[in-house]
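# Structural overview for review
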Amino acid sequence: MLTAVIRAPGHAPALAATFAVLIPAVAEGVLGHAVVVDTVGTDDLRRIAEATGACYLRAGPAEAWRRGAERARGDRLLLLDAGDVPQPDWLPAVERHLLLAPGRPALLPLGGLAASLRERVAIARAPRQLRAGLILPRSAVLAGRLEAAARRLSAERERAGR
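Attention in this report is confined to the structure presented alongside it. Because the structure is predicted, anything quoted here is derived from the model rather than measured.

### Looking at the sheet that holds strand β7 (residues 134-137)
- The strand order across the open sheet built from seven strands is β3-β2-β1-β4-β7-β6-β8, with neighbouring strands paired in mixed fashion. What marks the edges here is a single partner per strand, and that holds for β3 (55-58) and β8 (151-152).
- In this structure, strand β1 (residues 2-8) lies alongside strand β2 (residues 31-38), joined through seven bridges in parallel fashion. Bridging across to β2, Arg 7 finds its partner in Val 37.
- Strands β1, β2, β3 and β4 (76-81) of the sheet are contacted by helix α3 (residues 64-71), whose axis makes an angle of about 145° with β3.

### A closer look at the pairing of β2
- Burial analysis of β2 places seven of its eight residues in the buried class, which makes it a mostly covered element.
- Each parallel crossover has a hand, and for β1 linked through helix α1 (residues 12-27) to β2 it is right-handed.
- Sheet topology places β2 next to β3; four bridges connect them, and they run parallel. Paired with Val 37 across the strands is Leu 57, a residue of β3.

### Observations concerning the packing of α1 against helix α2 (residues 43-52)
- Where α1 meets α2, the closest approach of the two axes is 9 Å, and the angle between their N-to-C directions is 20°. In terms of orientation, α1 and α2 fall into the roughly parallel class. For the crossing formed where α1 meets α2, the hand is right-handed. Facing α1, whose interface residues are Ala 12, Leu 15 and Phe 19, α2 presents Asp 44, Leu 45, Ile 48 and Thr 52.
- Here the residues of the contact of α1 with α2 sort into five nonpolar, one polar and one charged.

What counts as what
- Residues numbered from 1 in each chain as written.
- Predicted model: local features only at pLDDT ≥ 70, side-chain atom pairs only at ≥ 80, totals over all residues.
- Heavy atoms only, no water.
- Pairing = 2+ DSSP bridges.
- Helix = DSSP H or I, 4+ residues; strand = E, 2+ residues; numbered from the N terminus.
- Contact = heavy atoms within 4.5 Å.
- Axes fitted to C-alpha atoms, helices over the stretch in contact; angles between N-to-C directions.
- Buried < 20%, exposed > 50% of the residue type's maximum accessible area, 1.4 Å probe, protein only.
- Right-handed = clockwise from strand over helix to strand, strands pointing away.
- Parallel < 35°, antiparallel > 145°, perpendicular 65-115°, else oblique.
- Left-handed = near helix turned anticlockwise from the far one by under 90°.
- Nonpolar A, V, L, I, M, F, W, Y, C, P; charged D, E, K, R; others polar.

Purely spatial values, then, with no claim about function.
Structure below.
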């Protein structure tokens with residue numbers, strides 16, 4: 001079962017959009033828990049986290065993934081930024097990956113030409129760096145880097161509220 005670790009820089013509508021897409025994953029038993037890491041410190045984000053049953057904590061942007069992983073309940077994490085909205089077909093793609101290659105990190109890549117190109121350039125420059133969209137073992141997040149290059153999944157994610 002996955003735990004979503006959502007890095008949130010203070011924009012409540014973006015966080016709400018991300019949660020709206022994650023609810024079906026909870027209903028299907030793929031997602032068991034969420035951790036909201038508020039990098040700014042706003043009451044709106046705390047209220048959204050509490051309303052959804054997610055764990056809430058505050059941390060700086062540089063330590064957000066690690067601090068979220070420390071509070072995660074699951075051994076496999078989905079790293080997201082507030083506003084990340086996986087496309088409707090994301091659940092089967094993630095389930096298939098977890099069945100076929102559970103030890104290998106995977107990436108729900110950004111959709112759209114400009115965002116996709118920016119993400120590809122960032123990955124080329126730092127292929128082992130933690131980033132939004134990754135599905136990986138909790139131990140990799142606690143270590144601060146990937147052990148292997150992430151496999152790009154067929155499903156994508158978009159950014160809302162920005």
